[in-house]
Amino acid sequence: MGGNSFSDAVLNGSLLLAVPVALLAGFVSFVSPCVLPLVPGYLGYVTGLTGVDLEKQKRGRMVSGIGLFVLGFTAVFVATGAVFGQLGAWLAISSSWLTRVLGIVVVLMGIVFMGGLGIFQREARVHAKVPAGLWGAPLLGVTFGLGWVPCIGPTLAAVQLLAFTSGTTAYKGALLTFVYCLGLGVPFLLIALAFRRGMGALKFFKRHRRALQAFGGGMLILIGVLMVSGVWSQWISQLQIWIGTVRLPV
């Protein structure tokens, strides 16, 4: 029964479109100017080390610390995604006009991601003091997830709106947001696994941060335009019809 529920959630027209968007949005958030420069700092905080000591740190401790950090913000984001998915179910979101209105919001989030709408460029972080090291790692992740950062908020908001419009249950909203967290969290873990190579990759992304920011904002704007024009809903309907014809009877 559980396996069928999972397959039904994934093999759904709305999620088939939204899942890759959520994964890419998570990665774009990671390489954004608000997160990428802080990665070494997060690595140091969750291990309790900095500088040369961090480079000599054993891989296991670093991966454990980052894993707990990722679990912290994943718990916050997934809970929020479940709420948005359930709200969509309670309100029976199926109106094309509402999808269009939310599409406008997604377009605005794309503009914010690219640095526009100055009122949303202010950060609203939770400045709770958490202990450095493994014990504080999950709490650091929670505080990371509870704030508003101009490079994370817009992409996450877009994913939540997709959960709101295309998710019919809290489970689907949580699933979609979990995929976003994979896109954001896996790069953290990869850098922890290969610290020196990871630092080299960070330098590459830093050199191209403006292009990545433009790409991320453009992606959100494109999705918003598709929602406003009704094309997004049409694609979902076509995928649902196609899935219904190719799936084998149970």
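Definitions and cut-offs
- All residue numbers refer to positions counted from 1 along the written sequence of the respective chain.
- Local features in a predicted model are, by the rule used here, given only for residues with pLDDT of at least 70; side-chain atom pairs are given and counted only at 80 or more, and totals for whole chains, interfaces and linings are based on all residues.
- Each side-chain value is derived from all of the structure's non-hydrogen atoms; neither hydrogens nor water enter the calculation.
- UniProt positions are given in the numbering used here, feature names are shortened, and annotations may be inferred rather than shown by experiment.
- The helix and strand labels rest on DSSP assignments: H or I over at least four residues marks a helix, E over at least two residues marks a strand, and numbering proceeds from the N terminus.
- Each residue gets one of three labels from its accessible area relative to the maximum for its type: buried under 20%, exposed over 50%, partly exposed in between, using a 1.4 Å probe on protein chains only.
- By definition in these notes, contact holds between two residues if any of their heavy atoms fall within 4.5 Å.
- Only the protein chains shown count as cover for residues, and the accessible areas themselves come from Shrake-Rupley with a 1.4 Å probe.
- Polar contacts, as used here, are pairs of N or O atoms within 3.5 Å; protein pairs need one atom able to donate a hydrogen and one able to accept it. Residues neighboring in sequence count only if both atoms are side-chain atoms.
- Axis definition: a line fit to C-alpha positions, over the contact stretch in the case of helices; interaxial angles, taken between N-to-C directions, run 0 to 180 degrees.
- Roughly parallel means an angle under 35 degrees; roughly antiparallel, over 145; roughly perpendicular, 65 to 115; everything else is oblique.

By the naming in an unreviewed UniProt entry, the protein goes by Cytochrome C biogenesis protein ResC and is assigned to Sinomonas humi. Reading the Subcellular location (unreviewed entry) entry of the UniProt record for the protein gives the comment "Membrane". Reading the Sequence similarities (unreviewed entry) entry of the UniProt record for the protein gives the comment "Belongs to the DsbD family."

Q: Outline the overall build of the protein, supporting the account with residue identities and numerical values.
A: When helices and strands are tallied, the protein shows 12 helices and zero strands. Counting from the amino terminus, helix and strand elements in the protein follow one another as α-α-α-α-α-α-α-α-α-α-α-α. For the protein, the proportion of its 250 residues judged to be buried stands at 46%. Contacts spanning at least 24 positions in sequence make up 84% of the contacts within the protein whose residues lie at least 6 apart. Put simply, the protein shows about 12500 Å² of open surface, and 69% of that area lies on carbon and sulfur atoms.

Q: I'd like a description of the side chain of Gln213, backed by residues and values.
A: Mapped onto the secondary structure, Gln213 falls in helix H11 (residues 209-229). A polar atom in the side chain of Gln213 sits 2.9 Å from the backbone oxygen of Phe113.

Q: A description of the packing of helix H3 (residues 39-47) against helix H7 (residues 137-146) should follow, citing residues and the corresponding values.
A: Two quantities define a packed helix pair, namely the angle between the helix axes and the distance between the axes. In the contact formed by H3 and H7, the axes pass within 9 Å of each other and the chain directions differ by 140 degrees. Compared by their axis directions, H3 and H7 come out oblique. Side by side, H3 and H7 meet where Tyr42, Tyr45 and Val46 of the first sit next to Ala137, Leu140 and Phe144 of the second.

Q: So what about the environment of Gly145? Which residues, and what values?
A: Relative to the elements of secondary structure, Gly145 occurs in helix H7. Taking the relative accessible area as the measure of exposure, Gly145 reaches 10% and is therefore buried. In the structure, Gly145 is positioned 70 residues away from Ala75 in sequence and 8.5 Å away in space, judged by C-alpha atoms. Beyond its immediate stretch of four places on either side in the chain, Gly145 contacts Phe73, Val76 and Phe77.

Q: Break down the UniProt feature "transmembrane region" (unreviewed entry) in the protein for me, citing the residues and quoting the values.
A: The UniProt entry lists residues 15-45, 66-91, 97-120, 132-162, 174-195 and 215-235 under the feature "transmembrane region" (unreviewed entry), expressed in the numbering used here. Annotated as residues 15-45, this span is 74% helix and 0% strand, and its ends, taken at the C-alpha atoms, are 36 Å apart. Taken end to end, residues 132-162 comprises 65% helix and 0% strand; its first and last C-alpha atoms sit 35 Å apart.

Q: So, the environment of Met114: which residues are in play, and what are the values?
A: Topologically, Met114 is positioned in the loop between helix H6 (96-113) and H7. Apart from residues lying up to four places away in sequence, Met114 is in contact with Gln213, Ala214, Gly217, Gly218 and Ile221.

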